[in-house]
Amino acid sequence: MSGETVITVVGNVVDEQVSLRFTPSGAGVCKFTVASTPRVYSREKQAWEDGQTLYLPVSVWRQQGENCGETLTRGMRVIVQGRLSQRSYEDKQGVKRTVYEMEAEEVGVSLRSATAKVSKTSGTGQGRQEFAQARQASSREGLDDPWGASPASGQQAGGWGEEPPPF
């Protein structure tokens, strides 16, 4: 699509638990946050210093999203390329907020200080089967969302702030 802002971010996964969910049609979506901190050399101090950290929420869809959900863990250094977007909303207190989000086209682990063994997936995705089984179990218990919090808590799982994601 013409005019989109495509960026590449290198940073670390900060989420304790990477979120993998499925739409009602069965499409997987993985959500996580990448923290990218620039390092600059200070001639005055003769030392490297950390700049301000950018925390960027990332969404990865379909089979790649399932692969990310099965692979990524907290602290893992990743390289993410995709489309940057912003959206504005009003929170429960009436304050207008703007958030920046990234929809990833490509996600890879950095081999700067790690090794990886890559295995090709079959493309069928085990996550859909697990989701269907969890959905059946939750319907027996009266829950709509098998990955949501219990109905008594009134909380929704996912940790995406005051406002749920727009999908």
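Residues numbered from 1 in each chain as written. Predicted model: local features only at pLDDT ≥ 70, side-chain atom pairs only at ≥ 80, totals over all residues. Heavy atoms only, no water.

A. Highlighting the overall build of the protein chain. Counting its secondary structure elements, the protein chain contains two helices and eight strands. Secondary structure elements in the protein chain, listed N-terminal to C-terminal, are β-β-β-β-β-β-α-β-β-α. Restricting to contacts in the protein chain with at least 6 residues of sequence separation, those with at least 24 account for 61%. (Helix = DSSP H or I, 4+ residues; strand = E, 2+ residues; numbered from the N terminus. Contact = heavy atoms within 4.5 Å.)

B. Quick peek at the state of the cysteines. All chains considered together, the criterion is met by zero disulfides. Here Cys30 is not cross-linked by a disulfide; its sulfur's nearest cysteine counterpart is in Cys68, at 5.2 Å. (Disulfide = S-S within 2.5 Å.)

C. Main features of the pairing of strand E4 (residues 39-42). Across four bridges, E4 lies against strand E5 (residues 47-50) in antiparallel orientation. Considered in E5, the bridge of Val40 is made with Glu49. Between E4 and E5, which pair antiparallel and follow one another directly, the connecting turn spans four residues, one of which, Gln46, has a positive phi of 55°. (Pairing = 2+ DSSP bridges.)

D. Focus on the pattern of salt bridges. The final tally for this structure, using the stated rule, is eight salt bridges. Here Arg83 ties to Glu4 by a salt bridge, and the two come within 3.5 Å at their closest N and O atoms. One end of the pair, Arg83, is in strand E7 (residues 77-90); the other, Glu4, is in the segment before strand E1 (5-13), with 79 residues separating them in the sequence. Its relative accessible area of 34% is what places Glu4 among the partly exposed residues. Its salt-bridge partner being Asp91, residue Arg97 comes within 2.8 Å of it at the nearest N-O pair. For Asp91, a relative accessible area of 6% gives the class buried. The structure contains a network of salt bridges with shared partners spanning Glu4, Arg83, Glu103 and Glu105. (Salt bridge = Lys/Arg side-chain N within 4 Å of Asp/Glu carboxyl O. Buried < 20%, exposed > 50% of the residue type's maximum accessible area, 1.4 Å probe, protein only.)

E. Representation of unusual backbone geometry within the structure. For Gln46, which is not a glycine, the phi torsion comes out positive at approximately 55°. Within the element layout of this structure, Gln46 appears in the loop between E4 and E5. The phi dihedral of Arg62 falls on the positive side, at around 60°, and the residue is not glycine. Here Arg62 is to be found in helix H1 (residues 62-71). Overall, the relative accessible area of 52% leaves Arg62 in the exposed class.

F. Molecular detail of the confidence of the model for the protein chain. Summary statistics for the protein chain give a mean pLDDT of 81 and a share of 72% for residues scoring 70 or more. Here residues 146-162 scores under 50 on pLDDT; set against residues more than four positions off or in separate chains, the count is 25 contacts. (pLDDT = per-residue confidence, 0-100.)

G. Geometry of the side chain of Thr33. With respect to the helices and strands, the residue Thr33 is situated in strand E3 (residues 28-36). With a relative accessible area of 16%, Thr33 lands in the buried category.

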